[in-house]
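Understanding the architecture of this molecule
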Amino acid sequence: MKKFYVCTAIPYVNAKAHIGHAMDFLYADILARYHRQQGENVRFSIGTDEHGAKIAEKAEEQKVTPQAYTDQIVPTWVEFAKLANISNDYFIRTTHPEHEKRAGIIWKNLSEYIYKGSYAGWYCVGCEEYKTDTHVKDTNGVCPLHNRPYDKLEEENYFFRLSAFSDTVKEAIEAGKMKVVPEFRKKEILNVLEEGLTDISISRPSGKISWGIPVPGDTTQVMYVWFEALMNYITVLGYPDHADFKTYWPADVQVVGKDILRFHAAIWPSMLLGLKLPLPSVVYAHGHVSSGGQKMSKSLGNVIDPVEVIEKYGVDPFRYYLARHISSYDDGDFTWEKYTEVYNGELANELGNAVSRIATMVMKYQEGVIGDIPPAEHDTASYREALELCRFDRALEDVWDQVRGLNQYIEEEKPWQVAKENDPEHLQEVLVYMCGALLEIADLLVPFMPETAEKIKHIFADGVVRMPDGPLFPKEEKQA
Ligand code: MSP
């Protein structure tokens, strides 16, 4: 059986999830569900990134230990994933002893590429990233993303010989051995690799920051949070000895946001090459979602809480909006106005009405009996191609072409008139076609709106209509 391993970037837990964080989980979930539907042996991993200065600062602010802080916030992330109907098989926490143990093994296995040196330069705690002098100069010493000055560091660190891998990673990307999707992101990372990678610092003195995984054999240093977090994709599978690691690595798709492409398409593959492991087949970098045209920020008060969105209209509309109305390759935007419009228009009026009209007609004219439904007949090649390319928006556009086509068919065929013509055979043909078309649509919706797909199947499967209790997408808001 073909295997399929998909994993997402693991978010920092310095705050609760906002809708942007849902993008990684959702996209990977769509892929996992799609490949399961194809009968593949799927593993899907998500998790939380819990070490580093940012988390340590947050814990200090709350006057608790970092461990206590992460232990109390991580369950909210786990709950959020459940609420969004994310079908992950694993949930990795980087504070888990298994991760820590296996991170130590990875460090040792990379030792021929690790050396001690001194770092003098800048660091942004918000980004958890070392910054070049040019970047610091260009941004006047203040990180534009986090609105805080960079820290000046002068310290002994361990370094990873990233420079040794630039050419091999570049060749792998050019040759399509590791695909970077979309194409313009591939160009972006190839430009970085073209300039050549420089060695990177991969540890911090434990005297300055103790919240991290100790460097094996040196208690004075802890691993740099990014270096250790990237390892999660294989520690979760039990690198190096567990059967899952042997079965599922390399990842078939890694889902990440555009801001962390360099980590995933330059540093991570270099680490894998150092470990003599195969590279992921695809690194898919999506854009960012804003709120009312602006980056979500606490100070602007425009942070969209995904839990609120889900509680208002249910989980499937949330999944639908993000997958269809946020571009899969570029940035996108969320507003309540647009959300409500999509809910009422595309979901309630177009899909929901088709389902209830067709079910009602079969009840009224044929006492609920549909008859033998013919096999699916629409060409799904472009839907499948869209999913292979991580173009979730396009795949849903294809599905909606079918939904609209079906509504048009209802209007053109007018079963209520056929019913008056005393031609039950023709009426049955028309209705059976409609039910078949809905079941086909339900199949295509499985990866995107699993609950809705199930409901439609429940109503029309088995040759008889089971009348639903109410509309699929009620016009009024749900009571939270
Ligand atoms: N902890 C690192 C990832 C380590 S992976 C080994 C990190 N965390 S994060 O919380 O800042 O971001 C987690 C993911 O959410 C990233 O893929 C990031 O691009 C994504 N997003 C953060 N804000 C987002 C939007 N506004 N929109 C879409 N995705 C967003 O980076």
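Up top is the structure these notes are about.
Description of the sheet that holds strand S9 (residues 179–181)
Strand order in the open sheet formed by 6 strands is S3-S2-S1-S14-S15-S9, with parallel pairing between adjacent strands. Edge positions in the sheet fall to strand S3 (90–93) and S9, since each has one partner strand and no second. Pairs of neighbouring strands in the sheet enclose a mean axial angle of 20°, with direction left out of account. Here strand S14 (residues 253–257) pairs with strand S15 (residues 282–286) via 5 bridges, running parallel. By the bridge assignment, valine 253 is partnered in S15 with valine 282.

Quick word on unusual backbone geometry
A negative phi angle is the norm for most residues apart from glycine, just as the trans form is the norm for most peptide bonds. In the segment running from tyrosine 239 into proline 240, the intervening peptide bond is cis, with an omega of 5°. Structurally, proline 240 is set in the loop between helix H9 (232–235) and helix H10 (243–248). Cis geometry is found at the peptide bond from tryptophan 249 to proline 250, where omega equals 10°. Counting through the fold element by element, proline 250 comes out in the loop between H10 and S14. One non-glycine residue, glutamate 367, adopts positive backbone phi at about 50°. With respect to the helices and strands, glutamate 367 occurs in the loop between helix H14 (336–366) and helix H15 (381–388). Positive phi is not limited to glycine here, since asparagine 422 has a value of about 55°. Relative to the elements of secondary structure, asparagine 422 occurs in the loop between helix H17 (415–418) and helix H18 (424–445).

Considering the environment of alanine 437
Checked against the element boundaries, alanine 437 lands in helix H18. Separated by 35 residues in the primary sequence, alanine 437 and glutamine 402 place their C-alpha atoms 8.0 Å from one another.

Digging into the pairing of strand S8 (residues 151–160)
Alignment of strand S4 (residues 114–124) against S8, held across 10 bridges, turns out to be antiparallel. Looking at S8, one finds that serine 118 is bridged to glutamate 156. With 2 bridges joining them, S8 and strand S10 (residues 200–201) adopt antiparallel strand pairing. When the bridges of S10 are listed, phenylalanine 159 appears paired with serine 201.

Considering the packing of aromatic side chains
According to the stated counting rule, one finds 31 aromatic pairs in the structure shown. By the ring-pair criterion, three or more aromatic residues cluster together here, those being Tyr313, Tyr321, Phe334, Trp336, Tyr339, Tyr343 and Phe473. Here the basic side chain of lysine 312 rests over the ring of tryptophan 336, its NZ or CZ set 4.5 Å away from the ring centre. Positioned above the aromatic ring of tyrosine 329 is the side chain of arginine 391, whose terminal nitrogen or guanidinium carbon lies 4.4 Å from the ring centre.

Observations concerning the pairing of strand S1 (residues 3–8)
Counting buried positions along S1 yields 6 of 6 residues, so the element is predominantly enclosed. In this region the chain leaves S1, passes through helix H1 (residues 19–37) and returns to the parallel neighbour strand S2 (residues 41–48); the handedness of that crossover is right-handed. Inspection of the sheet shows S1 paired to S14 by 3 bridges, in the parallel sense. Residue pairing across strands places valine 6 opposite valine 253, the latter belonging to S14.

Brief notes about the nonpolar core
Grouped burial of nonpolar side chains is what soluble globular proteins tend to show. Core analysis: the biggest nonpolar cluster contains 169 residues, and Phe160, Trp249 and Phe460 have the highest contact counts within it. Residue contacts for phenylalanine 460: discarding those within four places in its chain leaves Val355, Ile358, Ala359, Ile370, Ile373, Cys435, Leu438, Leu439 and Val465. Counting residues in hydrophobic clusters, the runner-up holds 5 residues, among them Cys127, Val136, Cys143 and Tyr150.

Focus on the site of the ligand
Taken together, 24 residues are adjacent to the ligand, and Ile10, Asp24, Asp49, Asp259 and Val289 come closest. Glycine 20 is positioned such that a nitrogen or oxygen atom in its backbone is 3.1 Å from a nitrogen atom of the ligand. For the shell around the ligand, the elements supplying multiple residues, two or more each, are H1, helix H8 (225–230), H9 and S14. In terms of residues, the shell around the ligand owes the most to one element, H1, which gives 4 residues. Residue composition of the shell around the ligand, by class: 12 nonpolar, 9 polar and 3 charged.

Regarding the pattern of salt bridges
Per the stated rule, a full pass over the model turns up 29 salt bridges. Here arginine 262 and glutamate 129 are joined by a salt bridge, their closest N and O atoms 3.2 Å apart. Taken as a pair, arginine 262 in helix H11 (residues 261–274) and glutamate 129 in strand S5 (residues 129–131) lie far apart in primary sequence, 133 residues in all. Judged by its relative accessible area of 16%, glutamate 129 is buried.

Definitions and limits used
- Residues numbered from 1 in each chain as written.
- Predicted model: local features only at pLDDT ≥ 70, side-chain atom pairs only at ≥ 80, totals over all residues.
- Heavy atoms only, no water.
- Pairing = 2+ DSSP bridges.
- Helix = DSSP H or I, 4+ residues; strand = E, 2+ residues; numbered from the N terminus.
- Axes fitted to C-alpha atoms, helices over the stretch in contact; angles between N-to-C directions.
- Phe/Tyr/Trp six-rings, centres within 6.5 Å; stacked < 30°, edge-to-face > 60°.
- Lys NZ or Arg CZ within 6 Å of the ring centre and 35° of its normal.
- Buried < 20%, exposed > 50% of the residue type's maximum accessible area, 1.4 Å probe, protein only.
- Right-handed = clockwise from strand over helix to strand, strands pointing away.
- Core = buried A, V, L, I, M, F, W, Y, C linked by side-chain atoms within 4.5 Å.
- Contact = heavy atoms within 4.5 Å.
- Near = heavy atom within 4 Å.
- Polar contact = N/O pair within 3.5 Å; in protein donor to acceptor, adjacent residues only side chain to side chain.
- Nonpolar A, V, L, I, M, F, W, Y, C, P; charged D, E, K, R; others polar.
- Salt bridge = Lys/Arg side-chain N within 4 Å of Asp/Glu carboxyl O.

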